[in-house]
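# Topology and contacts: notes
What follows is each chain in one-letter form.
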Amino acid sequence: MLALGDLWEGLHRAGIDPSARGLHMTQEYLGGYTRYCAGPGSHPRLVVEWNESSRHLRIIRCEPWPGAEATISSTVAYVRNEARARGISDIVDRTLVAACKEPLKPARKTIVPSALNGTHALAARRV
């Protein structure tokens, strides 16, 4: 999903609407972190912040999202087909393949307690 977020603006510039399959994303740069917000509509169900250099993922919000995997998978398939039709599949595929290798690298994850239970506690839990 983070790879899609990184491609999102470029896909729009190439004339590909990645939200056509129901996935809506925004990306915001916050100093060393990049915040990704994703969901089936304008209200994000998942909000994470990723720091590439320290390989730290902070999960800020994680609400129930029925069909999330299907929505993301459908979006990836749509983006790949559209990229192929526009002759930019090498760029898109390179990014998606790199993302598939990403889980093999060590990373640190922090879940903000309010992300899972709806409370507004400030402490974070390392996993």
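Quick look at the structure, then.

A few words now on the overall build of the protein chain. Of regular secondary structure, the protein chain possesses four helices and six strands. Walking the protein chain from its N terminus toward its C terminus, one meets helices and strands in the order α-β-β-β-β-α-α-β-α-β. In the protein chain, which comprises 127 residues, the share counted as buried stands at 31%. Looking at the protein chain alone, contacts between residues at least 24 apart form 40% of all its contacts between residues at least 6 apart. Accessible surface computed for the protein chain: about 7,600 Å², of which carbon and sulfur atoms make up 56%.

Soluble globular proteins: nonpolar side chains tend toward being buried together. Counting residues in each nonpolar core, the largest one holds 22 residues, and the members touching the most others are Leu-11, Leu-23, Met-25, Val-79 and Val-92. Listing elements by their share of this core, those giving two or more residues are helix H1 (2-13), strand E2 (33-39), strand E3 (46-51), helix H2 (68-86) and helix H3 (89-101). When residues of this core are assigned to their parent elements, the largest contribution, five residues, is made by H1. Filtering out sequence-adjacent residues up to four positions away, Leu-11 remains in contact with Ile-16, Pro-18, Val-79 and Val-92.

Calculation criteria
- Residues numbered from 1 in each chain as written.
- Predicted model: local features only at pLDDT ≥ 70, side-chain atom pairs only at ≥ 80, totals over all residues.
- Heavy atoms only, no water.
- Helix = DSSP H or I, 4+ residues; strand = E, 2+ residues; numbered from the N terminus.
- Buried < 20%, exposed > 50% of the residue type's maximum accessible area, 1.4 Å probe, protein only.
- Contact = heavy atoms within 4.5 Å.
- Areas by Shrake-Rupley, 256 points an atom, 1.4 Å probe, with all protein chains shown as cover.
- Core = buried A, V, L, I, M, F, W, Y, C linked by side-chain atoms within 4.5 Å.

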